[in-house]
Amino acid sequence: MGNHTSYQEFILLGFLIGRKAEIFLAIILMVVYTSTIFGNLTILAIILTGSCLHTPMYFFLGNLSVLDLFFSTVTAPCLLRNLLSGIKTISFASCMAQSYFYFFLGTVEYFLLTCMSYDRYVAVCNPLHYPLIMNDCFCIQMVVACWLLAFAFVLYPTIMITRFSYCHSNVIDHFFCDSEPLLKLSCTDTSSIQIILFVLSSLVILCSLSLTLVSYIYIVTAILVIPTDSGRKKAFNTCASHLTLFTMASSVSILLYVIPSKPSVLGARKIPALLSSIINPFLSPFVYTLRNDLVKKILQKLFDRAQTFTVQKLEKFFVIVARFVGKARI
């Protein structure tokens, strides 16, 4: 099982929707990707500048924003290049790197969302001991563990895939180097690695889903016993954004990597993969800003400061221009 690859590059077919439709899709994706970068950087700026947001919840949210920046960058630039230039080739090394980082960052996201569910569980069900349990050291350890565990989970399957021989074809029926369409091109027996990928994907997704569901069962139970409507609403709002993001991520990933796909419908994986890799990171900042009053207040303050600063600079500029025009007339 050595690296006797017949092809030095692969061809990503993409969506096959015609040249005009590709340009239109590229414009939409460019707007979405730019908004993803701006939105997640804004979330990071809000968390860093707002001293009242230096809490475990927003520490995890900041890490999630960094993760979304990286995750969307794995596939979006390559897809935009393919759509705009029509160049659909990708080198063997770039393909393997793209595949690795896609699954690596996706796995980190699941682990991180699970940690966030535990954080919400402690905040709602054990609020008096929350500062003691979710201290800075423990939060950092959880985030580091997310990255290290994801690295360990994804490394071995990726090494296995890079050692396969690809001699059937070099055309991948996808817009990025997803594992299943890629393995179809191998002339090596891939049954063992497919089982490994299925087991690892199921383990990550279903374990994260189970732990999150258990956390929210306790959270809902605790919310229901809160005597006031305002208290129940406040407790629910602290969890709603996280639950929305986890539902978005898990529903798409289960469809892609847990439910077995027939070879005849592999092309249908493109739309869910597009949602997972580009649309979800785009929606993440909006989910948190639209459902979080504290974030919206700080964001409004930042806009007010920026507006005041801009107005002051414009006033100075017009004063300078008026003086210059006055001297010129004299």
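Before reading further, recall that the structure is shown in the block above.
Position labels on residues start from 1 in each chain and follow its written sequence. Local features are withheld for residues below a pLDDT of 70 in this predicted model, meaning they are given only at 70 or higher, and side-chain atom pairs are given and counted only at 80 or more; totals for whole chains, interfaces and linings count all residues. Side-chain measures were taken over the full set of non-hydrogen atoms in the model, leaving aside hydrogen atoms and water.

Participant: Got a minute to help me understand the overall build of the chain in this structure?
Facilitator: Only runs of H or I of at least four residues qualify as helices and only runs of E of at least two qualify as strands under DSSP, and these elements are numbered from the N terminus. Helix and strand content of the chain: 10 helices and three strands. Sequence-ordered secondary structure for the chain, helices as α and strands as β, is β-α-α-β-α-α-α-β-α-α-α-α-α. Looking at the 330 residues of the chain, the share that counts as buried comes to 45%. Two residues form a contact once any of their heavy atoms are found within 4.5 Å. Counting contacts in the chain only where the partners sit at least 6 residues apart, residues at least 24 apart contribute 80% of the total. What sets the accessible areas is the Shrake-Rupley method with a 1.4 Å probe; for residues, cover comes only from the shown protein chains. Element-wise, carbon and sulfur atoms account for 71% of the exposed surface of the chain, whose accessible area totals about 17300 Å². Burial classification: accessible surface area is computed with a 1.4 Å probe over protein chains only, and a residue below 20% of its type maximum counts as buried, one above 50% as exposed, and the rest as partly exposed.

Participant: Mind showing me how you'd approach the pairing of strand β1 (residues 9-12) here?
Facilitator: For a regular strand, side chains alternate in direction, first toward one face of the sheet and then toward the other. Across the two faces of β1 the burial differs, with Phe10 and Leu12 buried and Glu9 and Ile11 not buried at all. Pairing between β1 and strand β2 (residues 89-91): three bridges, direction antiparallel. By the bridge assignment, Phe10 is partnered in β2 with Ile90. Criterion used throughout: strands pair if DSSP finds at least two bridges between them. One ladder, built from two bridges, connects β1 with strand β3 (residues 171-172); its direction is parallel.

Participant: Is there a simple way to explain the packing of aromatic side chains in this structure?
Facilitator: Here a ring pair, both rings aromatic, is described through the centre-centre distance and the interplanar angle of the planes. Each aromatic pair joins two rings of Phe, Tyr and Trp (for Trp, the six-membered one) with centres within 6.5 Å, and gets the label stacked for planes under 30 degrees apart, edge-to-face for over 60, and tilted for any other angle. Summed over the entire model, instances satisfying the criterion amount to 18 aromatic pairs. Measuring from centroid to centroid gives 5.6 Å for Tyr100 and Phe104, while their planes differ by 10 degrees, and the two rings are stacked. Pair noted here: Tyr100 and Phe104 are both in helix α3 (residues 92-125), with a separation of four residues, about one helical turn. A single burial state applies to Tyr100 and to Phe104, both of which are buried. Where Tyr102 meets Phe176, the ring centres are 4.4 Å apart and the plane angle is 45 degrees; that geometry is what we call tilted. Placement of Tyr102 in helix α3 and of Phe176 in the loop between β3 and α6 (179-183) is noted, with a sequence separation of 74 residues between them.

Participant: Hey, could you run me through the packing of helix α5 (residues 136-162) against helix α7 (residues 191-224) in this one?
Facilitator: Any two packed helices are characterised by the angle at which their axes cross and by the distance between the axes. What counts as an axis is a line fitted to C-alpha atoms, over the stretch in contact for a helix, and the angles between N-to-C directions run from 0 to 180 degrees. Close contact between α5 and α7 brings their axes to 11 Å; oriented N to C, the two are set at 160 degrees. Overall, the two elements α5 and α7 adopt an arrangement that is roughly antiparallel. α5 and α7 meet at a crossing whose hand is left-handed. Here α5 contributes Phe153, Tyr156, Pro157, Met160 and Ile161 to the contact with α7, which in turn contributes Ile193, Ile196, Leu197, Leu200, Leu203 and Val204. Under this grouping Gly is polar, as are all residues other than the nonpolar Ala, Val, Leu, Ile, Met, Phe, Trp, Tyr, Cys and Pro and the charged Asp, Glu, Lys and Arg. Within the contact of α5 with α7, the residues separate by chemical class into 11 nonpolar, no polar and no charged. Geometric relationships in this document are graded by angle, where less than 35 degrees denotes roughly parallel, more than 145 denotes roughly antiparallel, 65 to 115 denotes roughly perpendicular, and other angles denote oblique. Here is the rule for handedness: rotate from the far helix to the near one, and if that takes an anticlockwise turn smaller than a right angle the crossing is left-handed, while a clockwise turn gives right-handed.

Participant: What is the right way to look at the side chain of Thr107 in this model?
Facilitator: On the secondary structure map, Thr107 appears in helix α3. By relative accessible area, Thr107 is classed as buried at 11%. Filtering out sequence-adjacent residues up to four positions away, Thr107 remains in contact with Ala150, Val154 and Val204.

Participant: Is there a simple way to think about the environment of Asn170 in this case?
Facilitator: Tracing the backbone shows Asn170 in the loop between α5 and β3. Overall, Asn170 belongs to the buried group, its relative accessible area being 15%. It is 8.7 Å that separates the C-alpha atoms of Asn170 and Leu12, two residues lying 158 residues apart in sequence. In contact with Asn170, not counting residues within four places along its chain, are Tyr7, Glu9, Phe10, Ile11 and Leu185.

Participant: Whenever I open this one, the sheet that holds β1 confuses me. Can you help?
Facilitator: For sheets, the rule is that strands pair by backbone hydrogen bonds, running either parallel or antiparallel. Strand order in the open sheet formed by three strands is β2-β1-β3, with mixed pairing between adjacent strands. Strands with a single pairing partner mark the edges of an open sheet, and in this sheet they are β2 and β3. Along the sheet, α3 contacts β1, β2 and β3; its crossing angle with β2, the most-contacted strand, is approximately 85 degrees.

Participant: So what exactly am I meant to see when it comes to the side chain of Ser250 here?
Facilitator: Tracing the backbone through its elements, the reader meets Ser250 in helix α8 (residues 229-258). Engagement of the side chain of Ser250 in a polar contact is seen with the backbone oxygen of Thr247, the distance being 3.4 Å. A 3.5 Å cut-off defines polar contacts: any pair of N or O atoms within that distance qualifies, except that in protein one atom must be a possible hydrogen donor and the other a possible acceptor, and neighbouring residues in sequence count only when both atoms are side-chain atoms.

Participant: How should I be thinking about the nonpolar core in this particular structure?
Facilitator: Generally speaking, nonpolar side chains in soluble globular proteins are found buried as a group. Nonpolar core, defined: a set of buried Ala, Val, Leu, Ile, Met, Phe, Trp, Tyr and Cys residues in which side-chain atoms within 4.5 Å join the residues together. Ranked by size, the top nonpolar core spans 63 residues in total, and within it Leu29, Phe60, Leu64, Leu79 and Tyr102 carry the most contacts. For this core, the elements supplying multiple residues, two or more each, are α1 (19-49), α2 (56-85), α3, α5, α7, α8, α9 (270-291) and α10 (293-329). Sorting elements by how many residues they give to this core places α3 first, with 13 residues. In contact with Leu64, other than residues within four places in its own chain, are Glu109, Leu112, Leu113, Met116, Leu245 and Ser284. Core analysis: the second largest hydrophobic core is formed by 18 residues, Phe10, Ile90, Tyr166 and Leu197 among them.

Participant: How do you make sense of the pattern of salt bridges when you look at a structure like this?
Facilitator: Opposite charge on two side chains makes pairing possible when the charged atoms of those side chains draw close. The rule for a salt bridge is simple: a side-chain nitrogen of Lys or Arg has to be within 4 Å of a carboxyl oxygen of Asp or Glu. Taken as a whole, this structure holds four salt bridges when the rule is applied. With its nearest N and O atoms 3.2 Å apart, the salt bridge here joins Arg19 to Glu22. Of this pair, Arg19 and Glu22 both sit in helix α1, three residues apart, which is roughly one turn of that helix. For Arg120, the salt bridge identified is with Asp119, shortest N-O distance 2.8 Å. Here Arg120 and Asp119 have matching classes, each one buried.

By themselves, these are just geometric observations and shouldn't be taken as functional.
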